[in-house]
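Structure assessment
Here's the letter readout for the chains.
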Amino acid sequence: MIGKSVISLDDLSLRQIKELLHKAQYIDSHRREVAHTCDGRVLATLFYEPSTRTRLSFETAMLRLGGKVIGFAGSQLSSASKGESIADTLKTVSNYVDVVAIRHPKEGAALVASRAASVPVINAGDGGHMHPTQTLADLATLQSRFGRVTDLTVGLCGDLMFGRTVHSLIETLCRFGNVHFVLISPDELKTPQYVLDRIDATPSCSYTEVKDLVSVIGDLDVLYMTRVQQERFFNEDDYLRLRDTYILDEDKLQLAKPSMAVLHPLPRINEIAVDVDNDPRAAYFEQVKNGMLMRMALESSVVGDELPGYEPLEAKEVKA
């Protein structure tokens, strides 16, 4: 993975994804040992649209590995406000840093950035397209909750049209196989056809589309809630009408399996009631921690810095 850009998880093999999951588990239990893994390295976080969790997670990941961080949060704080192209920004920043994390409102921007850069570029979200490191956080959360990422019934609820986290997760779980997806949304926010085609192309995966959460919640191993994203709507009336379509509360959770995990990429608006936070099935703040750990694993991997004391998954499998 040394020198590799990650624009979507299709850029990584299943073996590499499993290795990252394994590295993240090691990092979590060896925080002190890995604290100088990336000494002397510099990460650039180029965020052309607002972010709290993702930007701070990328930055904290590098800082916890011993590296440093530069960057901007908002295109108005960069030379983009003067008309500079993404390609020119990346050609410039590549001279300063060892790895770049970029978020941009336009689909395809991260790919353009990776082609212009001379250092690895990690996509931190491009429009409604892909958000690969959120998916890594999701996979790590499933792994920690169930000990697997296959043989699950996964419900995805809310904005399935514009939700890039949903698209990334579905496509990646299809690569692992043996997942049944329950797609819960109003007609206006249904899953795009290209994502449904990906499920159809995977013999061991299937999907059901429904509008009513209550009718299916008892069948789910995982419920992945999403917010209706105001920034993706041109018409505020449409946004306000759809915003409150699905709200998860304790009453609905009583219909769910005791072992079900509730995930959410955050930020939450009102689609999960605050009283759900104390339910043991709430896994969304656990996702935040897992996101940082997976970004630590990814950043150290693409710059080629080995974690002290870490034994690769392949070596363990050979011994077994």
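Located above this text is the structure these notes cover.
Note that this is a predicted model, so its numbers are computed, not measured.

A separate point is the overall build of the protein. When its secondary structure is counted, the protein shows 11 helices and 9 strands. Here the C-alpha radius of gyration of the protein, 19 Å, is about what a compact globule of 320 residues would show, namely 20 Å. When burial is assessed residue by residue, the protein has 55% of its 320 residues classed as buried. Contacts spanning at least 24 positions in sequence make up 75% of the contacts within the protein whose residues lie at least 6 apart. For the protein, the accessible surface area stands at approximately 13,700 Å², while carbon and sulfur atoms represent 50% of it.

Before going further, it helps to examine the sheet that holds strand S6 (residues 179–184). Spatial strand order, S7-S6-S5-S8-S9: 5 strands in an open sheet with parallel pairing. Two strands in the sheet have a free side with no partner beyond their single neighbour: strand S7 (206–210) and strand S9 (261–263). Taking the axes of each pair of neighbouring strands and ignoring which way they run, one obtains an average angle of 20 degrees across the sheet. Taken together, the 3 bridges between strand S8 (residues 222–225) and S9 define a ladder with parallel strand orientation. The residue bridging Tyr224 from the neighbouring strand is Leu263, located in S9. Those strands touched by helix H7 (residues 193–200) are S6 and S7, and its axis lies near 140 degrees from that of S7.

Each value, and the rule that gives it
- Residues numbered from 1 in each chain as written.
- Predicted model: local features only at pLDDT ≥ 70, side-chain atom pairs only at ≥ 80, totals over all residues.
- Heavy atoms only, no water.
- Helix = DSSP H or I, 4+ residues; strand = E, 2+ residues; numbered from the N terminus.
- Rg over C-alpha atoms; globule rule 2.2 N^0.38 Å.
- Buried < 20%, exposed > 50% of the residue type's maximum accessible area, 1.4 Å probe, protein only.
- Contact = heavy atoms within 4.5 Å.
- Areas by Shrake-Rupley, 256 points an atom, 1.4 Å probe, with all protein chains shown as cover.
- Pairing = 2+ DSSP bridges.
- Axes fitted to C-alpha atoms, helices over the stretch in contact; angles between N-to-C directions.

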